Amino acid sequence: MDFFKILGAGAKFDKNKFNEDISLFKPERRANHQSVDVVDAVPKELDFFGDHSRQKQNKAEVVPASQLSGSASRFVVEEADHAPFKDETEVAAYLKRHRIKVSGTDVPHPIKSFEMLCKEHAFQPFVLRNLKKFGFKQPTPIQMQAVPIAIHRRDLIANAPTGSGKTLAFLLSILHQVHSEEKKGYRAVVVSPTRELATQIYDHLRNLTTGRRVKACLMTKASASMQAQDPAMRQKYDILVTTPLRLVNAIQNNEADLTHVRTLVLDEADSLMDKGFLEQVDEILAACTSPSLQISLFSATMPSSVEQMAKTIMKDPIRIIVGTQNAATESIDQQLVFAGQEEGKLIGLRNMIAGGFKPPCLIFVQSIDRAKELFHELVFEGINVEVIHSERTQTQRNRIVQKFRSGELWVLICTELMARGIDFKGVNLVVNYDFPQSAQSYIHRIGRTGRAGRPGKAITYFTKDDAPHLKTIVNVMRQSGCEVPEWMLSLKNPTKKDRKKIKKVPLERNAISTVPKYDLKRQKHMKQVIAQSKTKKQRLAAADKPSGDPTAGHTAAI
Ligand SMILES: Nc1ncnc2c1ncn2[C@@H]1O[C@H](COP(=O)(O)OP(=O)(O)OP(=O)(O)O)[C@@H](O)[C@H]1O
């Protein structure tokens, strides 16, 4: 790959013109160069869904995600094997083959097939029927090992790539648990950082419980207050899916009773255990008073600091890592593209749209303002484009997600709000218009493509100003088997201090615009005047009113 190839199709990159810029990416040292070969084929053991051979036939047309749902049956890896393991050697070989690393005491054996759940773990046959109905024929590696661990009620820290089936991994054992228990309100809680993700988990759960008396509740403002008014309603639900702030609000208002909860799952656990949510997670843990509480943490990224913290709230946990820890999914073709200055990105994006553009496509930017700016630039390009962020109403957010899923929208501009967990199966391309603020952000953002074994492509633009942070992403690319030029491998790693700084506050960037600078200044001034008067009005209104939607609060910045 030529690193200084300009911005996708059409445009040319003049290396002489940018000679000065190139010198910005000076190597840290010249020794120990290591070139990584292009991975042409995903190793069989990492080909969770068994369709990697089809990657090269990546189609150009928009494929509505709805056409892809329920098609998981096409991704069967190998002949189903229901035979129990003969000995530990066979178990070790099986784990190695599926690139599952597991550590802890008395680790339960993995399952080789969903049928083994019924045969060896007394799962109710309806689970198997519903799995088949929705096209899940064979467990993915994370499901093979995580489900038996959770059935044995062991605490669990699970790290597996984006799109590898973690949701089903935690839902299966919850179903088994609550179905065999007496009904007495919530007995399992799944917490996820955004409403979009909580809704998706809830929909998944509803599919799996089709035709059964197991009832799941997606906690919204309305459902919480209904249960507050009618305590009998609380007994109706077995499983709760929620965001942290919504749940904490319900706990504080006596709208949710978690005393019978025996399973707590933190999805996107590293995000939930980050500063923004930590207090809420603490409060949720304190409300789960059952002595037999089992805690599971799931994420595609699990920094060691999070693991250390997690261990303080867990009992003798088992840890699973599938593939390479904290790496991106290997079925994603990752590219870094130098844009020179900020303005170069818009030119590049336009060229890409005009050239060989493969929708559906997600474009990530670093702030709500920039999302709006980019939308205004692209809305006249003749493509079906929308923008989603936390300032849009819940109805708008739901409608946009639904339209993107159905293929009606080709391009979705988004903030970090959509970076984690959201499962749009048909996304062909993720564009990091703004350079991600951390390796975790990069892994989750690009993980919106290349899901369930499908191929995907990710393009990350960077400018001169992003140069000090380039190596962060180069490291992830290398870890996930991408081709990286030797000179890039010898770039300087950003210091811990620099990484912390950028994670907190993104780089200041010129506005995304083709409008002349003078007009932009005037517009900015007008915006400030409007914002000031809005704040004033809000302050006056807040004096009369209690605070609004608690879930919206945390995501206000994205
Ligand atoms: N056993 C299976 N067979 C076929 N498809 C599956 C299986 N398990 C899950 N899937 C599908 O794989 C896709 C990705 O699953 P899921 O959303 O759970 O990924 P994830 O690992 O949680 O990703 P992320 O880290 O981005 O949240 C979903 O569309 C899901 O329906």
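Residues numbered from 1 in each chain as written. Predicted model: local features only at pLDDT ≥ 70, side-chain atom pairs only at ≥ 80, totals over all residues. Heavy atoms only, no water.

Undergrad: I'd like a rundown of the pairing of strand β11 (residues 385–388), residues and numbers included.
TA: Here β11 shows two buried faces, one formed by Val385 and Val387 and the other by Glu386 and Ile388. In this sheet, strand β12 (residues 411–414) lies alongside β11 in parallel orientation, the contact comprising four bridges. Counted as the bridge partner of isoleucine 388 is cysteine 414 from β12. In this view, the connection linking β11 to its parallel neighbour β12 by way of helix α17 (residues 394–406) has right-handed handedness. (Buried < 20%, exposed > 50% of the residue type's maximum accessible area, 1.4 Å probe, protein only. Helix = DSSP H or I, 4+ residues; strand = E, 2+ residues; numbered from the N terminus. Pairing = 2+ DSSP bridges. Right-handed = clockwise from strand over helix to strand, strands pointing away.)

Undergrad: Residue-level account of the site of the ligand, with values.
TA: If you check the shell around the ligand, you find 23 residues, and the closest are Gly163, Lys166, Thr167, Asp423 and Arg451. Between an oxygen atom of the ligand and a side-chain N or O atom of glutamate 268, the distance comes to 3.3 Å. A distance of 2.9 Å is found between an oxygen atom of the ligand and a side-chain nitrogen or oxygen belonging to arginine 448. Taking 640 Å² as the accessible area of the ligand by itself, protein coverage stands at 96%. Among the elements that take part in the shell around the ligand, helix α7 (residues 166–179) stands out by supplying three residues, more than any other. Along the lines of polarity and charge, the residues of the shell around the ligand split into eight nonpolar, nine polar and six charged. Mapped onto the domain boundaries, the shell around the ligand takes at least three residues apiece from domain 2 (73–322) and domain 3 (332–504). (Near = heavy atom within 4 Å. Polar contact = N/O pair within 3.5 Å; in protein donor to acceptor, adjacent residues only side chain to side chain. Areas by Shrake-Rupley, 256 points an atom, 1.4 Å probe, with all protein chains shown as cover. Nonpolar A, V, L, I, M, F, W, Y, C, P; charged D, E, K, R; others polar. Domains from an automatic or database assignment.)

Undergrad: Break down the domain arrangement of the chain for me, citing the residues and quoting the values.
TA: Assigned domains of the chain: these are domain 1 (2–54), domain 2 (73–322), domain 3 (332–504) and domain 4 (517–557). Here the C-alpha centroids of domain 3 and domain 4 sit 27 Å apart.

Undergrad: Go over unusual backbone geometry with me, naming the residues and quoting the values.
TA: For the peptide bond that leads from proline 359 to proline 360, omega is -5°, which places it in the cis range. Assignment of secondary structure puts proline 360 in the loop between α15 (343–354) and β10 (361–364). One non-glycine residue with positive phi stands out, namely alanine 122, at about 55°. Position of alanine 122 among the secondary structure elements: in the loop between α4 (115–121) and α5 (125–133).

Undergrad: Pulling in residues and values, what's your account of the UniProt feature "domain: Helicase ATP-binding" (unreviewed entry) in the chain?
TA: UniProt annotation of "domain: Helicase ATP-binding" (unreviewed entry) refers to residues 147–320 when read in the numbering used here. For residues 147–320, the helix share is 47%, the strand share is 17%, and the end-to-end C-alpha distance is 11 Å. (UniProt positions renumbered as here; feature names shortened; annotations may be inferred.)

Undergrad: An account of a positive patch on the surface is requested, with residue identities and associated values reported.
TA: A grouping of Lys275, Lys496, Arg499, Lys500 and Lys504 is seen on the molecular surface, where their side chains present a positively charged patch. Looking at the positive patch element by element, the count peaks at four residues for helix α21 (residues 496–504). Residue classification places lysine 504 among the exposed residues on the basis of a relative accessible area of 73%. (Patch = residues over 30% accessible without salt bridge, like charges linked within 9 Å, V, L, I, M, F, W, Y side chains within 5 Å. Salt bridge = Lys/Arg side-chain N within 4 Å of Asp/Glu carboxyl O. Lys, Arg positive; Asp, Glu negative; His and termini not counted. Charge placed at Lys NZ, Arg CZ, Asp CG, Glu CD.)

Undergrad: Tell me about the packing of aromatic side chains, residues and numbers included.
TA: The way to describe two aromatic rings as a pair is by their centre distance and the angle between their planes. In total, this model carries five aromatic pairs according to the counting rule given. On the basis of an interplanar angle of 45° and a centroid distance of 5.3 Å, the ring pair of phenylalanine 338 and phenylalanine 462 is categorised as tilted. In this pair, phenylalanine 338 sits in strand β9 (residues 332–338) while phenylalanine 462 sits in strand β14 (residues 456–462), placing the two residues 124 residues apart along the sequence. Phenylalanine 462 carries the same exposure label as phenylalanine 338, and that label is buried. (Phe/Tyr/Trp six-rings, centres within 6.5 Å; stacked < 30°, edge-to-face > 60°.)

Undergrad: Would you mind going over the sheet that holds β12 in detail, with residue names and values included?
TA: The strand order across the open sheet built from six strands is β9-β14-β13-β10-β12-β11, with neighbouring strands paired in parallel fashion. At either end of the open sheet lies a strand with only one pairing partner, and these are β9 and β11. Here the average twist between neighbouring strands, direction ignored, is 20°. Taken strand by strand, α15 contacts β10, β13 (429–432) and β14, and its axis lies near 155° from that of β14. (Axes fitted to C-alpha atoms, helices over the stretch in contact; angles between N-to-C directions. Contact = heavy atoms within 4.5 Å.)

Undergrad: Tell me about the confidence of the model for the chain, residues and numbers included.
TA: Within the chain, residue pLDDT values average 82, and 82% of them lie at 70 or more. Of the regions scoring below 50 in pLDDT, residues 1–76 engages in 170 contacts with residues more than four places distant in sequence or in other chains. Low pLDDT, under 50, characterises residues 546–556; the stretch is placed with 19 contacts to residues that sit more than four places away or in other chains. What the predictor reports for the complex is a pTM of 0.81 with an ipTM of 0.99. (pLDDT = per-residue confidence, 0-100.)

Undergrad: Break down the pattern of salt bridges for me, citing the residues and quoting the values.
TA: According to the stated counting rule, one finds 28 salt bridges in the structure shown. Note that aspartate 274 and lysine 503 form a salt bridge whose closest N and O atoms lie 3.8 Å from each other. Within this pair, whereas aspartate 274 is found in the loop between α12 (269–272) and α13 (275–287), its partner lysine 503 is found in helix α21, the two being separated by 229 residues in sequence. Lysine 503 gets classed as partly exposed once you look at its relative accessible area, which sits at 42%. Each member of the salt-bridge network shares a partner with another, and the members are Glu342, Lys345, Arg370, Asp434, Asp466 and Arg509.

Undergrad: So what about the sheet that holds strand β7 (residues 294–299)? Which residues, and what values?
TA: Reading across the sheet, the eight strands line up as β1-β8-β2-β7-β6-β3-β5-β4 and stay open at both edges, with mixed pairing between neighbours. At either margin of the open sheet sits one strand with a lone partner, and together these are β1 (100–103) and β4 (216–218). Strand after strand, the sheet turns through a mean of 15° between neighbouring axes, direction not considered. Sheet topology places strand β3 (residues 188–191) next to strand β5 (residues 239–242); four bridges connect them, and they run parallel. If you follow alanine 188 over to β5, its bridge partner there is isoleucine 239. Lying on the sheet, α7 is in contact with β3, β5, β6 (263–267) and β7; it crosses β6 at an angle near 170°.

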